[in-house]
Amino acid sequence: MGMQRMSQRFRAALLSVLAGALVAYACASTGVNKGDFNLVSYQEEWQLGAQLEADIARQLPLVRDANSLAYINRLGQRLVAQTELAQAPWEFHIVADPSINAFNIPGGHVYVNTGLIAATDNTAELAGVMAHEISHGVARHGTEQLSKAYGFNIIAGLALGQNPPVYQQILAQVVGAGVFAKYGRDAEREADHLGVLYMYNAGYDPHGMVTMFQELLSRRQSQPGTVDEFFSSHPLTEERIQNTRAQIDQLPPRPNQILNDAEFPAFRQRVTSIR
Ligand SMILES: [Zn+2]
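The structure reproduced in this document is the subject of the present report. (Residues numbered from 1 in each chain as written. Predicted model: local features only at pLDDT ≥ 70, side-chain atom pairs only at ≥ 80, totals over all residues. Heavy atoms only, no water.)

## Considerations on the packing of helix α10 (residues 207-222) against helix α12 (residues 238-250)
Viewed as axis vectors pointing N to C, α10 and α12 meet at an angle of 165 degrees, and their least axial separation amounts to 9 Å. As judged from the angle between their axes, α10 and α12 are roughly antiparallel. Crossing angle aside, the handedness with which α10 passes α12 is left-handed. For the pair α10 and α12, the contacting residues are His207, Met209, Val210, Phe213, Gln214 and Leu217 in the first and Glu238, Arg240, Ile241, Thr244, Arg245 and Ile248 in the second. (Axes fitted to C-alpha atoms, helices over the stretch in contact; angles between N-to-C directions. Helix = DSSP H or I, 4+ residues; strand = E, 2+ residues; numbered from the N terminus. Parallel < 35°, antiparallel > 145°, perpendicular 65-115°, else oblique. Left-handed = near helix turned anticlockwise from the far one by under 90°. Contact = heavy atoms within 4.5 Å.)

Here you go:
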């Protein structure tokens, strides 16, 4: 990618992030990020995300099939439209990797492994995992954790590409283990809670998140090793599943929630046949 194209892309991204941040300020109805400690500005976060995205694309086997990417991006954008960062540029990627994992990195990028897609039974289960990852991104859990782990001087340099050792360390963790950050229980609870609301408001059946988490827990028993990466970054417990179910029970019944859509079976078939 040439420097000129890169800088145009950056400028476009920064402009829409600024717009998104203003919208977030105007209507942050769920109170996301209020009072949370974060040294990284939205502009810096999206800049860091763009650098990581470019390096990840060189180092991880990404699915390039245009139809598959169009599908997962439609699904992702439908969820993102319900969030406080709806105006920011988000992008959804598929990693050709049979292990069951999904992760977000700062700056609106979500990665889903082909192995996770193969483990889903319907659109709502895939939407459940994606809504959870999007929620980590909207709640800025990644950059909050960076802020706690590193001081202001390192963070400022990192986002501007001026701290290669720390940057390489973060990149190596993402590429090697499919993990940007190891989240604590509070972050998981918030991501579950927001994810259910985003699914519900987008018209997806939020029970998909429950059945997907149950599937992941049962695979930890039956096929340990296939879900290690996911569990190492997202501590998942029976209690979390119960809390999610209780939250869904409190929501007003909504007819015609999407459990499956017409394109899902062909999408899953196409993606899981990629070797
Ligand atoms: Zn999580």
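## Topic: the sheet that holds strand β2 (residues 102-105)
Here three strands make up an open sheet; going across it, the order is β1-β3-β2 and the pairing mixed. Strands with a single pairing partner mark the edges of an open sheet, and in this sheet they are β1 (91-95) and β2. Neighbour-to-neighbour, the strand axes of this sheet turn through a mean angle of 20 degrees, independent of strand direction. Packed onto the sheet, helix α5 (residues 123-138) meets β1, β2 and β3 (109-113) and runs at close to 25 degrees relative to β2. (Pairing = 2+ DSSP bridges.)

## Description of the environment of Asn256
Positionally, Asn256 belongs in the loop between α12 and α13 (264-272). Through-space distance from the C-alpha of Asn256 to that of Gly203 is 7.8 Å; in sequence the pair is 53 residues apart.

## Points about the side chain of Ser147
As for its position among the elements, Ser147 is in helix α6 (residues 141-149). Only 2.8 Å separates the side chain of Ser147 from the backbone nitrogen of Leu39, close enough to count as a polar contact. Not counting residues within four places of it along the chain, the set of residues in contact with Ser147 comprises Phe37, Asn38, Leu39, Val40 and Ile155. (Polar contact = N/O pair within 3.5 Å; in protein donor to acceptor, adjacent residues only side chain to side chain.)

## Side note on unusual backbone geometry
Look at Arg140: it is not a glycine, yet its phi comes out positive at around 60 degrees. Positionally, Arg140 belongs in the loop between α5 and α6. A residue is classified by how much of its surface remains accessible, and Arg140, at 7% relative accessible area, is buried. Positive phi values are uncommon outside glycine, yet Asn256 reaches one of about 60 degrees. On the basis of relative accessibility, which here comes to 75%, the residue Asn256 falls in the exposed class. (Buried < 20%, exposed > 50% of the residue type's maximum accessible area, 1.4 Å probe, protein only.)

## Regarding the coordination of the zinc ion
Ideal geometry at a metal centre: 109.5 degrees between donors when four sit tetrahedrally, and 90 or 180 degrees when six sit octahedrally. In the first shell of the zinc ion, the protein supplies His132 (NE2), His136 (NE2), Glu188 (OE), Glu188 (OE) and His234 (ND1), at 1.9 to 2.5 Å from the metal. For the zinc ion, the donor residues sit on a single chain with the sequence spacing H-x3-H-x51-E-x45-H. Residue Glu188 is located in helix α9 (residues 185-202), and its partner His234 is located in the loop between α11 (228-233) and α12; the two are separated by 46 residues in the primary sequence. Neither Glu188 nor His234 differs from the other in exposure class; each is buried. (Donors = N, O, S within 2.8 Å, 3.2 Å for Na, K, Ca; no water.)

## What to know about α5
When the terminal C-alpha atoms of α5 are compared, their 21 Å separation across 16 residues agrees well with the 22 Å that a helix rising 1.5 Å per residue should span. Of all 16 residues making up α5, 16 are buried, and the element is well covered by its neighbours. A distance of 3.1 Å separates the backbone nitrogen of Ala124 from a side-chain oxygen at the start of α5, and that oxygen is part of Asn122. With its phi angle positive at about 60 degrees, Arg140 sits one or two positions after the end of α5. (Expected span 1.5 Å × (residues − 1).)

## What to know about the nonpolar core
By size, the foremost hydrophobic cluster in this structure holds 53 residues, and its most contacted members are Leu79, Trp90, Val112, Leu126, Leu216 and Phe267. When residues in this core are grouped by element, the largest group, seven residues, is from α5. Sequence-distant contacts of Leu216, that is, excluding residues within four places in its chain, are made with Ile100, Val227, Phe230, Phe231 and Leu236. (Core = buried A, V, L, I, M, F, W, Y, C linked by side-chain atoms within 4.5 Å.)

## Digging into α13
It helps to recall that an α-helix has 3.6 residues per turn; residues three or four apart then point in one direction. Restricting attention to buried positions, one finds in α13 the residues Phe264, Phe267 and Val271. The buried residues of α13 occupy an angular sector of 60 degrees when the element is viewed end-on, so they sit on one face. In this structure, the buried side of α13 is in contact with α3 (66-80), β1, α4 (114-119) and α5. (Arc of directions from axis to C-beta.)

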